[in-house]
Amino acid sequence: MDTDLKSLVEDQFREIMKDVTAAEFDLIFELMRSMGAYQSAHGRAFLCKMVFEQIGMDRPFPAHDVQRFDQILYFVERAQKLFSPTCRSTDFAEFLISKGFPTLHEVTPCLKNRLLRAVAQVAPYAGTLDESTVIVVFEHFLALIPLLPSEQLDSEIDDDKDAEPQLKLSELEAVGLTMYALLKTNKNVFLSLQEQKEHYSNWPKRVLYLAGLLQQYITSATGELKALREASSTQRDREKMQFLVNALKMAENVYKICKDIVHSKPTFSLILTSSWKKSVVRTTDANPEKRKASDSSLSGEPKGKKERPAEKYYVPPGGKYSGSMTGFARGGPRDQAGFHGGRGRPRGFGRFGRY
């Protein structure tokens, strides 16, 4: 495709994009992605720009417009297919953080969860950002850490002396992954934060406190999950098992991030997989040899096939992170851990164009 023809195609597609449905946008987007001219770094950069134009960054973030909020996340999720070390997501990250984070307290939990996870997916491919943008994410992470006992007022301690610290694991994980990716790319900001510890209430101490809470939670939840796996098939709560698997993954990710950033020389070399990547809970019987012959015949498995051993779950070692932590238990209802379930899907929001 020569330059003139390519320019003509791009102009025509831009004109069409002014009034398309979600299905039509996907059709055009995938068609252009399949064309050889748009599989290069320059071609992917053009597609990113085309998607970004649909978002309309010149307009305020639609905290009270659910339809447009959903559209923005829809476009960001499509653009994720294009990001790579040669096709940066800097504009998307800057927009979502600088304009989206200030509205988080105004949106529904579902949209909030989708936004935070979208930013976490975008952040690893972002280039250098303004220091104030990175600080927004860092401060949001610190705000999710429960108050240290020394920070609580005497009256609060008396009223809630039996209450356990509340951890919003879903939010902690998404914001933690974003923060870690941005600090890795913007190490000058991290060095500045190390020099301003007191300005942020001695943040390493608070992060260590969070690591201690997480270690206690991981140990408790791992034991609970093990007990459920060893229970008979009639006594298993598979929904609860799936919840524990997801919650443990969240806690482990945040725990590893905490350990690295409080180190005297952080490596920023962790390779972390987010909990919202689909996983399946295995529910093998504790005593497979006692299963009836009819069970194996119904399952269609060949005779003599050995049962796979139960998976081993990570239990963090003891040490300085847990030395002063006592009495932390999961307890409470499921939402106590801050787990909100799966990601949302784009709604049928009719026709949309450039905003």
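Right above here is the structure, for reference.
This report concerns the structure included in the present document. (Residues numbered from 1 in each chain as written. Predicted model: local features only at pLDDT ≥ 70, side-chain atom pairs only at ≥ 80, totals over all residues. Heavy atoms only, no water.)

### Points about the packing of aromatic side chains
Phase 1 of the analysis: Inspection of the entire model under this criterion finds 15 aromatic pairs.
Phase 2 of the analysis: Centre to centre, the rings of F138 and W203 are 5.4 Å apart; their planes meet at 90 degrees, and the pair counts as edge-to-face. You can see F138 sitting in helix α7 (residues 131-143) and its partner W203 sitting in helix α11 (residues 203-230), a full 65 residues away along the chain.
Phase 3 of the analysis: Its relative accessible area of 1% is what places F138 among the buried residues.
Phase 4 of the analysis: W203 gets classed as buried once you look at its relative accessible area, which sits at 1%. (Phe/Tyr/Trp six-rings, centres within 6.5 Å; stacked < 30°, edge-to-face > 60°. Helix = DSSP H or I, 4+ residues; strand = E, 2+ residues; numbered from the N terminus. Buried < 20%, exposed > 50% of the residue type's maximum accessible area, 1.4 Å probe, protein only.)

### Re the nonpolar core
Phase 1 of the analysis: In terms of nonpolar packing, the biggest core is built from 98 residues, with F92, F141, W203, L210, L214 and I261 touching the most fellow members.
Phase 2 of the analysis: Setting aside its immediate chain neighbours within four residues, L210 contacts F141, I145, L167, L172, V254 and C258. (Core = buried A, V, L, I, M, F, W, Y, C linked by side-chain atoms within 4.5 Å. Contact = heavy atoms within 4.5 Å.)

### Some points on the side chain of S89
Phase 1 of the analysis: Its location among the elements puts S89 in the loop between α4 (66-79) and α5 (90-100).
Phase 2 of the analysis: Residue classification places S89 among the buried positions, given a relative accessible area of 0%.
Phase 3 of the analysis: Contact partners of S89, with chain neighbours within four places excluded, come to F83, V122, Y125 and A126.

### Observations regarding the packing of helix α2 (residues 22-34) against α4
Phase 1 of the analysis: Running from N to C, α2 and α4 cross one another at 20 degrees; their axes reach a closest spacing of 12 Å. Our classification of the angle between α2 and α4 gives roughly parallel. Like other packed secondary-structure pairs, α2 and α4 cross with a definite hand, here right-handed. Residue-level inspection shows A22, F25, D26 and F29 of α2 in contact with α4, the latter providing Y74, F75 and R78.
Phase 2 of the analysis: For the contact of α2 with α4, the class distribution of residues is five nonpolar, no polar and two charged. (Axes fitted to C-alpha atoms, helices over the stretch in contact; angles between N-to-C directions. Parallel < 35°, antiparallel > 145°, perpendicular 65-115°, else oblique. Left-handed = near helix turned anticlockwise from the far one by under 90°. Nonpolar A, V, L, I, M, F, W, Y, C, P; charged D, E, K, R; others polar.)

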